[in-house]
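Each chain, letter by letter, is given below.
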Amino acid sequence: MLSKLPPTALLFTLLIGLFITLAIAGVLHGPADISLMHIGMILKQLLLNSVNQAVPDWQSSIILNVRLPRVIIALLAGASLALCGLVMQGMFRNPLASPSVLGVSSGASLGAVIAIYFGASLISAWAIPLFAFIGAGASLCIVYRVASTRGQTNVATLLLCGVAISALNVAATSLLLALSLSNWDVARMIIYWTMGGLDGRTWDHVLIILPIVVSGYILLLFYSKQLDLLLLGEQHALSVGVDVRKTRRNLLIISSAMVGASISVVGGIGFIGLVVPHIMRLLLGPAHRHLLPACLLAGAITLLGADLFVNHFFSQQAIPLGVVTAALGAPFFLFLLIKQRFILS
Amino acid sequence: MSPLSCCNIDFSYHKTLLLTDINLDFKPGEFVGLIGANGAGKSTLLQLLLGLLRQHAGTVYLNGIDIHTQKRRDIAKQLAFVPQSIELPYAFSVEALVAMGRNPYLGPFELETTADKKIIQQAMHETDIMQLKDRLVTTLSGGEKQRVIIARALAQQAAAILLDEPIASLDICHQIETLQLIQSLTQSGKLAVTALHDLNLAASYCDRLILLGPTANGLAKTVIADGLPEEVLTAENLARCFSISADIINIKGEISLANIKPIKHNNCDIRSTKKHAY
C-alpha cells in the first residue's frame, strides 16, 4: 500500500503550496470588486507603513479589516480543529475520538450560548470565548474523571460518557434557545452564533484565537513522541517511560483550550476534527512528527477551502460552513476507506 | 544489591483484598516463572512490581529505591515490560517500533544517535527480526509481533525484564523459541520474571518458580511456594492451587507433569451443579 503513495516530502510540498494559494485566493476573492493592483498597493502600504492616495479608503478597509482577518481566522480555526482531533484520536487510540464525540465541542457551544443568553457577550468581546473555554474544560473534566480510575482511562467508558455529556450539553443549549424565543433579539443572536461561520469576524477574533492556537501547536510538538507511544497502548507507553496520566492530562488541557478558542470564534464545525487526521494518517502513516504539521496545514486548507467554495458558488444563500466541510470531506473519506479495504483484503 | 524486590505487599481492589503478604527478592541472571490459576494475581503482581498499580501496604524496591518515588523515564531505563496484549493496529515499521525502546534516553526533539542505532540493530539481531525490519507491524504474525515487542524491551537496555504471559497466543514452536530467547537473555545476566500458564514449559525453562494461590483462610492470594521447579510443583501444591492431580515425573531434576486430571470438589464440580440446576 505504502509503496504506491507519494513520499512524505511531496505531500508536504503540495500542502504548503495549497496553503499559500488558498491564503492568497482568500484575500483576492470577495463580493466587492477590488483590482489586483490595488490589493498589492494596500498590502504594500500595510507592510511598509507608507501612504498611497491612489487607493480608496473603503477598498483598503475591506482588505485589511474584512478579508485578511477572515482568512487568518479560517486558517487558524481549521488547523486547531484538525490538531485537536489528531491528538484525541491518538491519545485514546480510538478513531472515533474527536472534540465533538467527547462532548468538548458541545460544551464550548453551551458556554458560548450561556454568555449570550445572560447578556455577558454584550459587556465584553471576550465573554463568549471565556465561557466557551469554561464549557469545553468543564465537559472534558467530567468525561475524563468519570472514565479514569487510578490513573487508567477506560476508552469505552470515555466515549460513552462523551456521548452522554454531549447530549446533556445539546439539551441545555436547546433549552436556553427555547427560553430565549420570548426575546427575539437574544434568540436571533443565539441562532446566528450556533450556525457558525466566518462572516463579520474582526481582528479582535484573531487576537483571541491566534495566541492559543500558536502556543498550543508549539506545546503539542513537545508531545509528538509520547503521542506515538500512546498509540501502542497504556501499558506499552508506561513501560517505555511515558507518564501516561500526566501526559493525557496535559494534552487534554491543551486541546480543550484550542477547541474552546476555535469554537468561540467560528462556531461548531465538527467534521474537520474527525476526517482530516484520518486522511493524513492514511497518507503519511502513524508517526506524529509528520502528522502534527500535516494536520496543521490540511485543517487550515480544508476550512479556508470550504469557505471560499461557499462564497464562490453559493454567495446568495447562507449555507453553514459545517455543511460544506461534511459534504466535501465525507465522500473523500469513504473513498479512502474503501480503497484501503480493497488493498488490505 | 538485588535489582528488584518487594516486601509485605498488600493489594486490594474495590475494598476486596486480592494479594497479601508478598515478599520477593530477585537476583540478576534469574529466569523466574510466575505461575498460578486464572485470577491468582499473576498480572496484578507484575503490575505492582512495575509500579503501574499502587499497593495499599508494603514497598516495591527497584535497585534499592522505592519505585513510586522514581520517574517513569528512570524506571524504564532499569525495568522493561512486555505486556500481555500484543495488538498493534497502527502501521509503524518494525524498526521504528523497536526504536521506541530508546525513548527513555532521548529528549522530545532528539533523534537516535549512532550509538542508539547500534543498540536497536543489536536488539533486532538478538531476537532474529533483522529480515523484518522494514515490514509494517500490522502485517506480522503473532510470533513475529511478540519478538518485535521483546526487541523493543531489549532496546531499553534494562537490567530486568518482566513479561506477562508472553507465549499465551503462540503456537508450540514459537513458544519454545520465545522461551529460549528469554533464557539466553538471563544467561547474559538479565533478570527475567515471566507469568506463564504452561507448567511443563515453566518447569523446563525457569530456574525458579513462584506459585500464587489462596491463603489459608481463602480470602486473598499469596505466594504459596517459591523455589526450584521440583520444590514448587508438588502434588499438594498442584491440588491446592490448580485443583489438579498429576503424575510428577522427575528425570535428573527436570520436572514434567503427566496424566493431569481435575480434582472434583463437591462445590465446584460443574456437572453436578448442572444436574441440580435442571
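Model, not experiment: these values are computed from the prediction. (Residues numbered from 1 in each chain as written. Chains lettered and ligands numbered in written order. Predicted model: local features only at pLDDT ≥ 70, side-chain atom pairs only at ≥ 80, totals over all residues.)

S.K.: I keep staring at the overall build of chain B and nothing clicks. Help me out?
M.R.: Across its full length, chain B holds 10 helices and 12 strands. Principal axes of the C-alpha set define a box for chain B whose edges measure 65 × 45 × 40 Å. A buried classification covers 41% of the 278 residues belonging to chain B. Counted over contacts in chain B with a minimum sequence separation of 6, partners at least 24 positions apart contribute 63%. (Helix = DSSP H or I, 4+ residues; strand = E, 2+ residues; numbered from the N terminus. Buried ≥ 20, exposed ≤ 12 C-beta atoms within 10 Å, placed from the backbone. Contact = placed C-beta atoms within 7 Å.)

S.K.: Please explain the overall build of chain A as it appears in this structure.
M.R.: Looking only at helices and strands, chain A features 15 helices and 2 strands. Rg of the C-alpha trace for chain A: 21 Å, near the compact-globule value of 20 Å for 345 residues, within the 12% margin. Based on the C-alpha atoms only, the size of chain A along its principal axes is roughly 65 × 55 × 35 Å. Burial statistics for chain A: of 345 residues in total, 45% are counted as buried. In chain A, of all internal contacts separated by at least 6 residues, the share reaching a separation of at least 24 is 76%. (Rg over C-alpha atoms; globule rule 2.2 N^0.38 Å.)

S.K.: Which parts of the structure should I look at to understand the interface of chain A and chain B?
M.R.: You'll often see interface size given as the accessible area lost when the parts meet. Each side of the interface is counted separately: chain A has 16 residues, and chain B has 19 residues. Where the side of chain A that touches chain B is concerned, the elements lending two or more residues are helix H10 (224–231) and helix H11 (234–239) of chain A. If one sorts the elements of the side of chain A that touches chain B by residue count, H11 of chain A sits on top with 4 residues. A breakdown of the residues in the side of chain A that touches chain B according to their chemical character gives 8 nonpolar, 6 polar and 2 charged. (Nonpolar A, V, L, I, M, F, W, Y, C, P; charged D, E, K, R; others polar.)

S.K.: I'm lost on the environment of alanine 195 of chain B in this one. Help?
M.R.: Residue and element names in this part refer to chain B. Along the chain, the position of alanine 195 falls in strand S8 (residues 191–195). Accessibility expressed as a C-beta count within 10 Å gives 26 for alanine 195, which makes it buried. Measuring from C-alpha to C-alpha, the distance between alanine 195 and alanine 159 comes to 18 Å, with 36 residues separating the pair along the chain. Setting aside chain neighbours within four positions, we find alanine 195 in contact with Leu34, Lys42, Ser43, Leu46, Leu163, Asp164 and Glu165.

S.K.: Please explain helix H12 (residues 244–266) of chain A as it appears in this structure.
M.R.: Residue pairs three or four apart in sequence face the same way in an α-helix, which turns once every 3.6 residues. Residues and elements named next belong to chain A. Here H12 spans 32 Å end to end across 23 residues, near enough to the 33 Å set by a 1.5 Å rise per residue. Most of H12 sits inside the fold, with 17 of its 23 residues counted as buried. Glycine 267 sits one or two residues past H12 and shows a positive phi near 85 degrees. (Expected span 1.5 Å × (residues − 1).)

S.K.: What should I look at first to understand the nonpolar core in this one?
M.R.: Generally speaking, soluble globular proteins have nonpolar side chains that are buried together. Core analysis: the biggest nonpolar cluster contains 177 residues, and Leu83 and Cys295 of chain A together with Leu79, Val98, Ile161 and Leu162 of chain B have the highest contact counts within it. Sort the elements by how many residues they give to this core and helix H3 (residues 57–91) of chain A lands first, with 16 residues. Discounting chain neighbours no more than four positions away, the residues touching valine 98 of chain B are Ile120, Ala123, Met124, Val148, Ala151, Arg152 and Ala155 of chain B. (Core = buried A, V, L, I, M, F, W, Y, C linked by C-beta atoms within 7 Å.)

S.K.: I'm lost on unusual backbone geometry in this one. Help?
M.R.: For residues that are not glycine, phi is negative in most cases, and the peptide bond is trans in most cases. All names here are of chain B. One non-glycine residue, aspartate 21, adopts positive backbone phi at about 55 degrees. In this fold, aspartate 21 is placed in strand S2 (residues 16–26). You will see that aspartate 128, though not glycine, has its phi angle at about 60 degrees, which is positive.

S.K.: Would you mind going over the pairing of strand S3 (residues 31–35) of chain B with me for this structure?
M.R.: Put simply, side chains in a regular strand alternate between the two faces of the sheet. Residue and element names in this part refer to chain B. Counting buried residues along S3, 5 of its 5 residues qualify, which places the element largely inside the surrounding structure. Alignment of S3 against strand S9 (residues 208–214), held across 4 bridges, turns out to be parallel. The residue of S9 that forms the bridge with glycine 33 is leucine 209. (Pairing = 2+ DSSP bridges.)

S.K.: So what exactly am I meant to see when it comes to helix H1 (residues 42–50) of chain B here?
M.R.: Residues and elements named next belong to chain B. Among the 9 residues of H1, 7 are classified as buried, and the element is accordingly described as predominantly covered. All of the buried residues in H1 are Lys42, Leu45, Leu46, Gln47, Leu48, Leu49 and Leu50. Once H1 finishes, glycine 51 follows within two positions and takes phi at roughly 80 degrees, a positive value.

S.K.: Honestly, the environment of valine 265 of chain A in this entry has me stumped. Any pointers?
M.R.: Residues and elements named next belong to chain A. Following the sequence through the fold, valine 265 ends up in helix H12. Distance in space between the C-alpha atoms of valine 265 and methionine 37 is 31 Å, their sequence separation being 228 residues. Non-local contacts of valine 265, meaning those with residues more than four positions away in its chain, are made with Ile73, Ala77, Arg201, His205, Ile208 and Ile209.

S.K.: It is not clear to me how the packing of helix H4 (residues 104–117) of chain A against helix H8 (residues 184–195) of chain A should be interpreted in this structure. Could you clarify?
M.R.: A pair of packed helices is characterised by two quantities: the angle between their axes and the separation of those axes. Residue and element names in this part refer to chain A. Interaxial distance between H4 and H8 falls to 10 Å at its minimum, and their mutual angle equals 155 degrees. Judged by the inter-axis angle, H4 sits roughly antiparallel to H8. Once H4 is placed against H8, the crossing between them reads as right-handed. For the pair H4 and H8, the contacting residues are Ser109, Ala112, Val113, Ile116 and Tyr117 in the first and Val186, Met189, Ile190, Trp193 and Thr194 in the second. Considered class by class, the residues forming the contact of H4 with H8 number 8 nonpolar, 2 polar and no charged. (Axes fitted to C-alpha atoms, helices over the stretch in contact; angles between N-to-C directions. Parallel < 35°, antiparallel > 145°, perpendicular 65-115°, else oblique. Left-handed = near helix turned anticlockwise from the far one by under 90°.)

S.K.: Can you help me understand the packing of helix H13 (residues 271–284) of chain A against helix H14 (residues 288–313) of chain A in this one?
M.R.: Residue and element names in this part refer to chain A. Packing of H13 against H14 leaves a shortest axis separation of 9 Å and a crossing angle of 130 degrees. As far as their axial angle goes, H14 and H13 are oblique. Here H13 and H14 pass one another in a crossing that is right-handed. When H13 is examined against H14, the residues Ile272, Val276, Pro277, Met280, Arg281 and Leu284 are found in contact with a partner set consisting of His290, Leu291, Ala294, Cys295, Ala298, Gly299, Thr302 and Leu303.

S.K.: For this particular structure, what's the right way to read the confidence of the model for chain B?
M.R.: Do not read the fine detail of predicted coordinates wherever pLDDT is low. Residue and element names in this part refer to chain B. Here chain B shows a mean pLDDT of 87. Residues at 70 or above account for 95%. Ignoring residues within four places in sequence, the model shows residues 267–278, a span with pLDDT below 50, making 1 contact including any to other chains. Confidence estimates for the predicted assembly give a pTM of 0.85 and an ipTM of 0.82. (pLDDT = per-residue confidence, 0-100.)

S.K.: Can you walk me through the environment of glycine 135 of chain A in this structure?
M.R.: Residue and element names in this part refer to chain A. Here glycine 135 shows up in helix H6 (residues 127–147). Residue classification places glycine 135 among the buried residues on the basis of 31 C-beta atoms within 10 Å. In this structure, the C-alpha to C-alpha distance between glycine 135 and glycine 103, residues 32 residues apart in sequence, is 9.7 Å. When residues no more than four places from it in sequence are discounted, the contact partners of glycine 135 are Gly107, Ala108, Leu110 and Gly111.

S.K.: Help me out: how do you make sense of the pairing of strand S4 (residues 57–62) of chain B in this one?
M.R.: All names here are of chain B. Relative to S4, strand S1 (residues 4–13) is paired through 5 bridges, and the arrangement is antiparallel. The residue of S4 that forms the bridge with aspartate 10 is alanine 57. Where S4 and strand S5 (residues 65–66) come together, 2 bridges link them in antiparallel fashion. Each bridged residue has a counterpart across the sheet, and for leucine 62 the counterpart in S5 is isoleucine 65. In sequence, S4 turns back onto S5 through a hairpin of 2 residues, with asparagine 63 there showing a positive phi of about 50 degrees.

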